[in-house]
Amino acid sequence: MVELRKRKAPAPPPVVEKKSKPAPKPKVTDTPKETPTEAPKKPTVPEAGDTINLDDFGGEIETNDGTKTTLKKLVEESKSGVVLFTYPKASTPGCTKQVCLFRDNYTHLTSTGLSIYGLSADSPKANTTFKTKQNLSYSLLCDPSATLIGAIGFKKAPKGTTRGVFAVDKKGKVLIREAGGPDATVDAVQKLVARGPDKSEAKEEAGDDAEAK
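Residues numbered from 1 in each chain as written. Predicted model: local features only at pLDDT ≥ 70, side-chain atom pairs only at ≥ 80, totals over all residues. Heavy atoms only, no water.

Per an unreviewed UniProt entry, the recorded name for the protein chain is thioredoxin-dependent peroxiredoxin, and the organism is Penicillium brasilianum. Looking at the protein chain in UniProt, the text filed under Subunit (unreviewed entry) is "Monomer." Reading the Catalytic activity (unreviewed entry) entry of the UniProt record for the protein chain gives the comment "a hydroperoxide + [thioredoxin]-dithiol = an alcohol + [thioredoxin]-disulfide + H2O". (UniProt positions renumbered as here; feature names shortened; annotations may be inferred.)

K.L.:
What is the right way to read the overall build of the protein chain from this model?
P.N.:
Along the protein chain, the regular secondary structure elements total 7 helices and 7 strands. For the protein chain, the proportion of contacts with a sequence separation of at least 24, taken over those separated by at least 6, is 65%. Accessible surface, the protein chain: about 14800 Å² in total, of which carbon and sulfur atoms supply 54%. (Helix = DSSP H or I, 4+ residues; strand = E, 2+ residues; numbered from the N terminus. Contact = heavy atoms within 4.5 Å. Areas by Shrake-Rupley, 256 points an atom, 1.4 Å probe, with all protein chains shown as cover.)

K.L.:
What should I look at first to understand the pairing of strand E7 (residues 174–179) in this one?
P.N.:
Here is the key point about a regular strand: its side chains alternate between the two faces of the sheet. Two strands pair when backbone bridges link them, and strand E6 (residues 164–169) and E7 are joined in this way by 5 bridges, in the antiparallel orientation. Bridging across to E7, Val 165 finds its partner in Glu 178. Counting the residues that bridge the hairpin from E6 to E7 gives 4 residues, and of these Gly 172 lies at a positive phi of roughly 90°. (Pairing = 2+ DSSP bridges.)

K.L.:
Can you walk me through helix H2 (residues 93–104) in this structure?
P.N.:
One full turn of an α-helix is made of 3.6 residues, so residues set three or four places apart face in the same direction. Look at H2: 16 Å from first C-alpha to last across 12 residues, which is about the 16 Å you get at 1.5 Å a residue. Taken as a whole, H2 has its buried residues at Cys 95, Thr 96, Gln 98, Val 99, Cys 100 and Phe 102. Among the structural elements, strand E3 (81–86), helix H3 (106–109), strand E4 (114–120), helix H4 (124–134), E6 and helix H6 (182–195) are those in contact with the buried residues of H2. (Expected span 1.5 Å × (residues − 1). Buried < 20%, exposed > 50% of the residue type's maximum accessible area, 1.4 Å probe, protein only.)

K.L.:
So what exactly am I meant to see when it comes to the side chain of Thr 185 here?
P.N.:
With respect to the helices and strands, Thr 185 occurs in helix H6. Thr 185 sits in the buried class, given a relative accessible area of 1%. In terms of polar contacts, Thr 185 uses its side chain to reach the side chain of Gln 98, at 3.2 Å. When near neighbours in sequence (up to four residues on either side) are disregarded, Thr 185 contacts Gln 98, Phe 102, Gly 164, Val 165 and Gly 180. (Polar contact = N/O pair within 3.5 Å; in protein donor to acceptor, adjacent residues only side chain to side chain.)

K.L.:
Which parts of the structure should I look at to understand unusual backbone geometry?
P.N.:
With the exception of glycine, the majority of residues adopt a negative phi angle, and the majority of peptide bonds are in the trans configuration. The omega angle of the peptide bond from Ala 157 to Pro 158 is -5°, so this bond is cis rather than trans. Turning to its location among the elements, Pro 158 is positioned in the loop between helix H5 (147–151) and E6. We note that Ser 91 has phi near 65°; this positive angle belongs to a residue other than glycine. By relative accessible area, Ser 91 is classed as partly exposed at 45%. Phi is positive for Asn 135, close to 55°, though the residue is something other than glycine. Take Asn 135: it is sitting in the loop between H4 and strand E5 (140–142). By relative accessible area, Asn 135 is classed as exposed at 61%.

K.L.:
What is the right way to look at the packing of aromatic side chains in this model?
P.N.:
Pairs of aromatic rings are described using the distance from one ring centre to the other and the angle between the two planes. One pass over the structure, following the stated rule, counts 6 aromatic pairs. On the numbers, 4.0 Å between centres and 5° between planes, the contact of Phe 85 with Phe 102 is stacked. Taken together, the residues span a long stretch of sequence, with Phe 85 in strand E3 and Phe 102 in helix H2 at a distance of 17 residues. Comparing Phe 85 with Phe 102 shows no difference in burial state: the two are buried. Between Tyr 87 and Phe 130 the ring centres are 5.8 Å apart and the planes differ by 65°, which places this aromatic pair in the edge-to-face class. With Tyr 87 in the loop between E3 and H2 and Phe 130 in helix H4, the pair connects residues that are 43 residues apart, well separated along the chain. Three or more aromatic residues joined by ring pairs form one cluster here, namely Phe 85, Tyr 87, Phe 102, Tyr 106, Phe 130 and Tyr 138. (Phe/Tyr/Trp six-rings, centres within 6.5 Å; stacked < 30°, edge-to-face > 60°.)

What follows is the structure, encoded as structure tokens:
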């Protein structure tokens, strides 16, 4: 008899594991770029010919006798405007020369109705001593915080005062703004006085007088 051999069942095919697809990476959204913050703009210093708003210009200051005031009040009290000359420190040689030049020329410099004031960051006590010793015919203004000194452009960084002169008329028009030594500051006002009132303003006043009649 022929012996029948059982055939071995074929081996199952190897199981091939399917590689799982990597999870999609989350989309990175562009983060909005931060806009650089603009640095605060420095206040613009007025120049000759500009017109300033006297209402809040320069903050509060005081006279050497301790009276609180503002540039607006000084202008209102004047006949035709205000001249401020700045000086670094009371009772120093250059500043003494400057205040004495304005003292000696006071009558001429105020002949057109301008009021003269010295302006510094000194204390009322220091400026009173200065005024008394030099026998000044005008008041000295004290601005320890340099708010008015800075507004007219004569504040040094980080501290100090530049010597100069600033003049403004009754309407807030800047007549002069110049830095300079003791003689130069007085000369600038002398030229302003010699020039006389602005012609356009003179015409306006003439027109107002004609209308009044």
